[in-house]
Amino acid sequence: MKKAVVIIPTYNEKENIEKLIGILDDEVFPKITDWDMAILVADDNSPDDTQGVVKKLMEKYKNLELNEGEKEGLGAAYIRAMSYAVEKMNADVMFEMDADFFHDPQKVPEFLKKIDEGFDFVIGTRYSGGGSIPSNWALNRKFLSVVGNLIVRVVFTRFYIHDWTGGYRCIKKEVFLKEKEKLAPFKGYRFQVGFLFSAVKDGFKVAEVPFNATDRTAGRSKMARSETIVDTLMYVFQARFKELERFIKFLIVGGTGFIVQVLSQELAVRIGVAHAISAGIGAETAIIANFLLNNFWTFQDTLKMKEKSNGFIRLVKFNITSVGAIFLQAAAVYLGEKILGVNLHLIFITVPTRIAVLFPTIIFLVIPLNYIIYNKIIWKTQHLKNADTKAA
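Described below are features of the structure shown in this document. (Residues numbered from 1 in each chain as written. Predicted model: local features only at pLDDT ≥ 70, side-chain atom pairs only at ≥ 80, totals over all residues. Heavy atoms only, no water.)

We now examine the overall build of the chain. Tallying secondary structure elements over the chain gives 12 helices and 7 strands in all. Counting only residues that meet the buried cut, the chain has 48% of its 392 residues in that class. Element-wise, carbon and sulfur atoms account for 61% of the exposed surface of the chain, whose accessible area totals about 19700 Å². (Helix = DSSP H or I, 4+ residues; strand = E, 2+ residues; numbered from the N terminus. Buried < 20%, exposed > 50% of the residue type's maximum accessible area, 1.4 Å probe, protein only. Areas by Shrake-Rupley, 256 points an atom, 1.4 Å probe, with all protein chains shown as cover.)

Written out as structure tokens, the structure is:
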């Protein structure tokens, strides 16, 4: 039978932990018949003797274990506890759950149902499907929570995920093992956002379970400090820029190639070369320039692969795949001349006209098509991801 471990990080949660463990073990777990359920309390040496309470409960509940460590933040506690759950408790999936009843323990079976349906990473959401944040929160806290999540969604453009900072989650062992090495630098909310973003980028399937969050009634709130929130947002923008870095370089190279093509074609025309031949010279000059810049800048990391193609062969492939882009641009020029009645090869005379005709074609058709082809055929960046997966 598959095993699920509910990990509950604690620091001074003596007033809550006994009640939560009782609800999980006595009310929730009996409803689950196809999973072996266990609880792991990850305590950061609480001075209020939370560990002592848990140790007494371990005599009653044989599926309860305690993992103690220094207070180094939420991320460190989860990494420590998840490693313990996998190595010592043979966990197949692990839950993240707060000890203060902010997360509804009755939702546990719904998370496991999503796992059984084939999802790898299930998150509790307060912002969709009927989920909600506590009604008694102060206005500023509601604002920070709602707007913060909205900013993350917009920056990452993964709109199907509604709750990025929430800490109610169910995660397959394979996801944790794949992402573990990347998690160490993540602190506070940054841990939750970074863990999820990393898993999404690596292709793991994400699902959501709506829940109604409830503010704590016992113990002291551990609301994130403003600097933690700012740090998380900084990470979000940096991570998104890094994700788009290759595409940004690709766009710069494409713009450079366009200038090279126009100038070389016009130069050939000016020195008396026939228009058709000039167009070919411009196209090939741009292809070579684009290849060199992409090969040694945009996709330079792919050159580090163990199996890499000969540079000349890659150039030949690049030429072949670029033919489609040339035909598309040529068709745009031809149609532009027919519709507008202007000879578009005279770039220095009709710059606005030529750009008006070529720009939409390049932006909406040529660039996306070329980027896909370069990633999948010429430099094969998916091999890097496969290699990373095997190494992990």
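Okay, the nonpolar core next. If you look at the biggest cluster of nonpolar residues, it comprises 39 residues, and the most contacted ones within it are Leu24, Met37, Phe95, Val108 and Leu112. Elements supplying a minimum of two residues to this core: strand 1 (3-10), helix 1 (14-28), strand 2 (36-43), helix 2 (50-60), strand 3 (64-68), strand 4 (93-96) and helix 4 (108-116). With residues up to four places along the chain from it excluded, the contact list for Val108 reads Leu24, Val28, Ile32, Met37, Phe95, Met97 and Tyr168. Leu40, Met89, Ile171 and Val236 belong to the second-largest nonpolar core, a separate cluster that totals 37 residues. (Core = buried A, V, L, I, M, F, W, Y, C linked by side-chain atoms within 4.5 Å. Contact = heavy atoms within 4.5 Å.)

Two elements in contact, helix 3 (residues 74-89) and helix 7 (residues 189-201), have axes whose closest approach is 8 Å; the angle formed by their N-to-C orientations is 50°. One finds that helix 3 runs oblique with respect to helix 7. Side by side, helix 3 and helix 7 meet where Leu74, Gly75, Tyr78, Ile79 and Met82 of the first sit next to Phe191, Gln192 and Phe195 of the second. In terms of residue class, the contact of helix 3 with helix 7 is made up of 6 nonpolar, 2 polar and no charged. (Axes fitted to C-alpha atoms, helices over the stretch in contact; angles between N-to-C directions. Parallel < 35°, antiparallel > 145°, perpendicular 65-115°, else oblique. Nonpolar A, V, L, I, M, F, W, Y, C, P; charged D, E, K, R; others polar.)

What follows deals with helix 1. In this model helix 1 runs 21 Å from its N-terminal to its C-terminal C-alpha over 15 residues, within 8% of the 21 Å that 1.5 Å per residue would give. Within the sequence span of helix 1, burial applies to Asn16, Ile17, Leu20, Ile21, Gly22, Ile23, Leu24, Asp25 and Val28. Residues of helix 1 that are buried sit in contact with strand 1, strand 2, helix 2, strand 3 and helix 4. (Expected span 1.5 Å × (residues − 1).)

Another point: the sheet that holds strand 3. Pairing is mixed across the open sheet formed by 7 strands, whose spatial order is 3-2-1-4-6-5-7. With one partner strand each, in any of the chains shown, strand 3 and strand 7 (206-210) form the two edges of the open sheet. Sheet twist, expressed as the mean angle between neighbouring strand axes with direction ignored, is 20°. Alignment of strand 5 (residues 121-125) against strand 6 (residues 169-172), held across 3 bridges, turns out to be antiparallel. Bridge pairing links Val122 to Cys170 in strand 6. Against the sheet, helix 2 contacts strand 1, strand 2 and strand 3, and its axis sits at roughly 155° relative to strand 3. (Pairing = 2+ DSSP bridges.)

The next subject is the packing of aromatic side chains. Under the counting rule described, the total for this entry stands at 12 aromatic pairs. Here the aromatic residues Tyr78, Phe121, Phe191 and Phe195 are joined through ring pairs into a cluster of three or more. Directly above the aromatic system of Phe101 lies the positively charged group of Lys19, at a separation of 5.3 Å from the ring centroid. Over the ring of Phe119 we find Lys205, and its NZ or CZ is 5.1 Å from the ring centre. (Phe/Tyr/Trp six-rings, centres within 6.5 Å; stacked < 30°, edge-to-face > 60°. Lys NZ or Arg CZ within 6 Å of the ring centre and 35° of its normal.)

For Ala279, the position within the fold is in helix 9 (residues 275-298). Residue classification places Ala279 among the partly exposed residues on the basis of a relative accessible area of 31%. Between the C-alpha atom of Ala279 and that of Glu266, which follows or precedes it by 13 residues, the distance is 8.6 Å.

With 4 bridges joining them, strand 4 and strand 6 adopt antiparallel strand pairing. The partner of Phe95 across the bridge, within strand 6, is Cys170.

Glancing now at the side chain of Arg169. Relative to the elements of secondary structure, Arg169 occurs in strand 6. For the buried Arg169, which has no salt bridge, the nearest side chain bearing the opposite charge is Glu96, at an N-O separation of 4.5 Å. Among the polar contacts made by the side chain of Arg169, one reaches the main-chain carbonyl oxygen of Trp164 at a distance of 2.9 Å. In this structure Arg169 touches Met94, Phe95, Glu96, Phe111, Phe121, Val122, Ile123, Trp164, Gln192, Val193, Phe195 and Leu196, once residues within four positions along its chain are discounted. (Lys, Arg positive; Asp, Glu negative; His and termini not counted. Salt bridge = Lys/Arg side-chain N within 4 Å of Asp/Glu carboxyl O. Polar contact = N/O pair within 3.5 Å; in protein donor to acceptor, adjacent residues only side chain to side chain.)

Remark: helix 3 packs on helix 6 (residues 173-183), axes separated minimally by 11 Å, with the N-to-C direction vectors making an angle of 140°. As the angle between them shows, helix 3 and helix 6 are arranged oblique. Both helix 3 and helix 6 take part in a crossing whose hand is left-handed. Within the contact between the two elements, helix 3 uses Ile79, Met82, Ser83, Val86 and Glu87 and helix 6 uses Lys173, Phe176, Leu177, Lys180 and Leu183. A per-class count over the contact of helix 3 with helix 6 returns 6 nonpolar, 1 polar and 3 charged. (Left-handed = near helix turned anticlockwise from the far one by under 90°.)

A surface patch of nonpolar side chains, about 430 Å² in accessible area, is lined by Phe241, Leu244, Ile248, Ile252 and Trp297. The element that contributes the greatest number of residues to the nonpolar patch is helix 8 (residues 226-270), accounting for 4 residues. Along the chain, Ile248 falls in helix 8. Among the residues examined, Ile248 registers a relative accessible area of 31% and is labelled partly exposed. (Patch = residues over 30% accessible without salt bridge, like charges linked within 9 Å, V, L, I, M, F, W, Y side chains within 5 Å.)

Let's shift gears to the environment of Arg169. Arg169 sits in the buried class, given a relative accessible area of 0%. Taking the C-alpha atoms as reference, Arg169 lies 9.5 Å from Gln192; in sequence the two are 23 residues apart. Engagement of the side chain of Arg169 in a polar contact is seen with the backbone oxygen of Gly166, the distance being 3.1 Å.

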